[in-house]
Amino acid sequence: MTSRGVVPSGRRTRLLAVVAVIGGLLVSGQPALAATPTADDNAVTLPVARSEGWQPDIQTPDPVTLPGTTKKITPFATPLKPQQPKALPGATKGPGATLKVDSAARAAIRKADEPTFRGVAPQAGPDDPPGGLYCTEAITRSGSVSGAPNQTNYAANISYLAEFGCNFWLSAAYIASGVIDRSRFDGQFLYTTAPQSYGQTYYGATSGGLSIPGEMFDGGRSVEIAFELYLLAPAGVYWGGCFPIPGLRYLLCEGLGTNLLHIVLGTGAFGTGLQPPVIRYVALGDSYSSGTGAPPYSHEECRRSSLTYSNLIAGTILSGLPVDRPTLAACHGGKIVDLYASQHPGVPPQLDAIQPHTRLVTLTIGGNDLDFSLKLTGCYLGADCSGSGPLVTQQQLDQVRVQLTALYRQIRAEMHPNGRLMVLSYPAVVPNPDDPADPPPTQDRCPNLGGNLIESERRAIYTATAQTDRMIRDAVLATGDSRVTYVNGLELFRGHRLCSTSGVWAHGLTSPVSDSFHPNASGYQAMAARLAQVLPPL
């Protein structure tokens, strides 16, 4: 048996899944357009420290000069928004980007032995516009979803090929492509390819792809593929129009009336197949988290209840996203060691419930390591708890505090980097004799409590509960982690403790004895309300 609070040496180490961006997909495919030429006290939180989960893969190359010009280009540096196709007055309709030329320039472009254009230029076909000279673009894409929600490998996989083809020789070209989020982070690029520059050419292509981890990223439910082009026409001609292209839309068109056209085309938003994002939630700890005192129980040994506070906060909106139904791993009688090792046959260590995409964890733990419940029951059943020393010693508190700090750090290491660990302290359920909000027990109203716990014993019990509360708070602060939050529960049941005249939120000594001195359904509702009140943004 592992000693209490010591991490078992065989504890498995979890690694965050690294999502690799897939580049260079489809480059070996046959070009689709043309032949390719050669070329507070309730919640204490430390200052926020920035921590990230999955990050988009954005190429940030240095600006390059377009061949034959002084134009310096950085990919996707211009703000993008959907816009209607454009054309100069009198421009002839056609597919994609269409040139306007005078007769002398057209003759030069068509001349077979013109060295400027490297021989015979591609010829216009019977369906070409009357102007005869144009470039058009296409984007082909494919996508799939791997894994299932709440699994580490759950991801949307996207690949694409973006091409342009002209029926004449361009003097130069520059292209880049990328994927834009069109859901939660509308307009944010999730991926860009390394740009490519060309000298004289009439074809170019760029391809790429990425895997969007659905449990590590809240966007990516709808995306758009963007294709950026700078097209330099030969001297003596200029661009006359950005005409519609089936299946694509313009996000930018500038340079009409000049020989340098800058366009960005998009596929329009399309769904990736990922389900709407939620905040994945795991509830750990002891009986105050499992739901002891609010039957029925779904797991008899662990006494897991649908009425416990973690189930009641499901659906709470946090940072604009709903909190998922919890993975309830808390177990009655749990001690710190039970988060690292199995507490009962067939019950895995509680830490096994945490995944790299878990972004909310709640926890009550430490009371059983102080044997607090046993001592409280013993006081009620006749042990003298008023003059034989404190219920918990400072040495015990210090030992458990050190173990708690190590546990909190371990939990944070295994969950999402941007996640939150909410550590709840225990509500005092026995009346505090020094608090006027807690009426003393009387023979006619609360005879059992008054007859079994004298005033000095009730004071000793409340003092021990307050000491435990401070120990938990100190353990949270000792982590130095701004994403570990202490939630003060000590006074949560004030006015509703045992023998209250305004509704009791906890059990006294009851049957089964294991339910004694635990919250009832109303108590767990109060815990849920407090937790929802202090949940900070993720």
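Residues numbered from 1 in each chain as written. Predicted model: local features only at pLDDT ≥ 70, side-chain atom pairs only at ≥ 80, totals over all residues. Heavy atoms only, no water.

A few words on the confidence of the model for the protein. The predicted model of the protein has a mean per-residue pLDDT of 84, with 83% of residues at 70 or higher. Taken as a whole, residues 111-130 scores under 50 in pLDDT and shows 39 contacts with residues more than four places along the chain or in a different chain. (pLDDT = per-residue confidence, 0-100. Contact = heavy atoms within 4.5 Å.)

Let us look at a nonpolar patch on the surface. Where nonpolar side chains cluster on the molecular surface, the patch consists of Leu381, Leu509 and Val513 and spans about 280 Å² of accessible area. With respect to the element layout, Val513 can be found in the loop between β25 (484-487) and α8 (521-534). (Patch = residues over 30% accessible without salt bridge, like charges linked within 9 Å, V, L, I, M, F, W, Y side chains within 5 Å. Areas by Shrake-Rupley, 256 points an atom, 1.4 Å probe, with all protein chains shown as cover. Salt bridge = Lys/Arg side-chain N within 4 Å of Asp/Glu carboxyl O. Helix = DSSP H or I, 4+ residues; strand = E, 2+ residues; numbered from the N terminus.)

What follows covers the packing of helix α5 (residues 394-414) against helix α7 (residues 455-478). Between α5 and α7, the least distance of the axes is 8 Å, while the angle of their chain directions is 40°. Classified by the interaxial angle, the pair formed by α5 and α7 is oblique. Both α5 and α7 take part in a crossing whose hand is right-handed. On α7, the residues that touch Leu397, Val400, Arg401, Leu404, Thr405, Tyr408 and Arg409 of α5 are Gln467, Thr468, Met471, Ile472, Asp474, Ala475, Val476 and Ala478. (Axes fitted to C-alpha atoms, helices over the stretch in contact; angles between N-to-C directions. Parallel < 35°, antiparallel > 145°, perpendicular 65-115°, else oblique. Left-handed = near helix turned anticlockwise from the far one by under 90°.)

This model, assessed by the stated rule, comprises 15 salt bridges. With a shortest N-O distance of 2.9 Å, Arg182 and Glu224 are connected by a salt bridge. Of this pair, Arg182 sits in the loop between β8 (172-181) and β9 (189-192) while Glu224 sits in strand β12 (residues 222-232), and the two are 42 residues apart along the sequence. Pair check on accessibility: Arg182 and Glu224 agree, each one buried. Residue Arg412 pairs with Asp481 through a salt bridge whose shortest N-O separation is 3.0 Å. With a gap of 69 residues between them, Arg412 in helix α5 and Asp481 in the loop between α7 and β25 connect regions that are remote in the sequence. Taken together, the salt bridges that share partners define one network made up of Asp435, Asp438, Glu491, Arg494 and Arg497. (Buried < 20%, exposed > 50% of the residue type's maximum accessible area, 1.4 Å probe, protein only.)

Once that is clear, we can look at the packing of helix α4 (residues 372-380) against α7. Following both chains from N to C, one finds α4 and α7 inclined at 175°, their axes separated by 11 Å at the closest point. If you check the angle between α4 and α7, you find them roughly antiparallel. Contact with α4, carried on its side by Phe372, Leu376 and Cys379, involves Glu457, Ile461, Ala464 and Thr465 of α7 and no other residues of that element. Looking at the contact of α4 with α7 residue by residue, the classes come out as 5 nonpolar, 1 polar and 1 charged. (Nonpolar A, V, L, I, M, F, W, Y, C, P; charged D, E, K, R; others polar.)

The subject of this paragraph is the state of the cysteines. All chains considered together, the criterion is met by 3 disulfides. Put simply, Cys242 and Cys253 are joined by a disulfide, and their sulfur atoms are 2.0 Å apart. The sign of the 75° torsion about the S-S bond sets the Cys242-Cys253 disulfide as right-handed. Linking Cys242 in strand β13 (residues 237-242) with Cys253 in strand β14 (residues 249-254), this pair joins segments that are 11 residues apart in sequence. By relative accessible area, which is 4% here, Cys253 ends up buried. Between the sulfur atoms of Cys302 and its disulfide mate Cys331 the distance is 2.0 Å. With the S-S dihedral at roughly -85°, the linkage between Cys302 and Cys331 falls on the left-handed side. (Disulfide = S-S within 2.5 Å.)

Time to look at the nonpolar core. In this structure, Leu284, Leu363, Leu404, Tyr408, Ile411 and Leu531 are the most contacted members of the largest nonpolar core, which totals 73 residues. Within the residue set of this core, elements represented by two or more residues are β17 (281-285), β23 (360-364), α4, α5, β24 (420-424), α7, β25 and α8. Ignoring any residue separated from it by four or fewer positions in sequence, one finds Leu531 in contact with Tyr281, Tyr309, Ile313, Thr362, Met422, Leu424 and Val487. Core analysis: the second largest hydrophobic core is formed by 47 residues, Trp54, Tyr154, Tyr202 and Leu229 among them. (Core = buried A, V, L, I, M, F, W, Y, C linked by side-chain atoms within 4.5 Å.)

Attention shifts here to α4. An α-helical turn contains 3.6 residues, so a residue and the one three or four places further along point in the same direction. Within α4 the residues assigned to the buried category are Phe372, Leu376, Thr377, Cys379 and Tyr380. The buried residues of α4 all sit within an arc of 155° when viewed along its axis, so they share a single face. Taken from the residues just after α4, Gly382 is the one with a positive phi, measuring 130°. (Arc of directions from axis to C-beta.)

Next up on the list: the side chain of Asp181. Looking at the secondary structure, you find Asp181 in strand β8. Buried within the structure, Asp181 lacks any salt-bridge partner; its nearest side chain of opposite charge belongs to Arg221, at an N-O separation of 7.4 Å. Separated by 2.8 Å, the side chain of Asp181 and the backbone nitrogen of Phe185 make a polar contact. Polar side-chain contacts of Asp181 include one of 2.4 Å to the backbone nitrogen of Gly220. (Lys, Arg positive; Asp, Glu negative; His and termini not counted. Polar contact = N/O pair within 3.5 Å; in protein donor to acceptor, adjacent residues only side chain to side chain.)

This brings us to the pairing of β24. Burial analysis of β24 places 5 of its 5 residues in the buried class, which makes it a mostly covered element. When β23 meets β24, the two strands line up parallel, connected through 4 bridges. Residue pairing for β24: Val361 is matched across the bridge by Leu421. Looking at chain direction, β24 and β25 are connected through 4 bridges and run parallel. Within β25, the residue paired with Val423 across the bridge is Tyr486. (Pairing = 2+ DSSP bridges.)

Another aspect to go through is the packing of aromatic side chains. Summed over all chains, the structure comprises 10 aromatic pairs. Judged by centre distance (6.2 Å) and plane angle (85°), the rings of Phe164 and Tyr198 are edge-to-face. With Phe164 in strand β7 (residues 155-170) and Tyr198 in strand β10 (residues 196-198), this pair connects stretches of sequence that are 34 residues apart. An identical accessibility class is assigned to Phe164 and Tyr198; each is buried. Measuring from ring centre to ring centre gives 5.8 Å for Tyr174 and Tyr230, while their planes differ by 80°; the resulting arrangement is edge-to-face. One end of the pair, Tyr174, is in strand β8; the other, Tyr230, is in strand β12, with 56 residues separating them in the sequence. In this structure, Tyr174 and Tyr230 share a single accessibility class: buried. (Phe/Tyr/Trp six-rings, centres within 6.5 Å; stacked < 30°, edge-to-face > 60°.)

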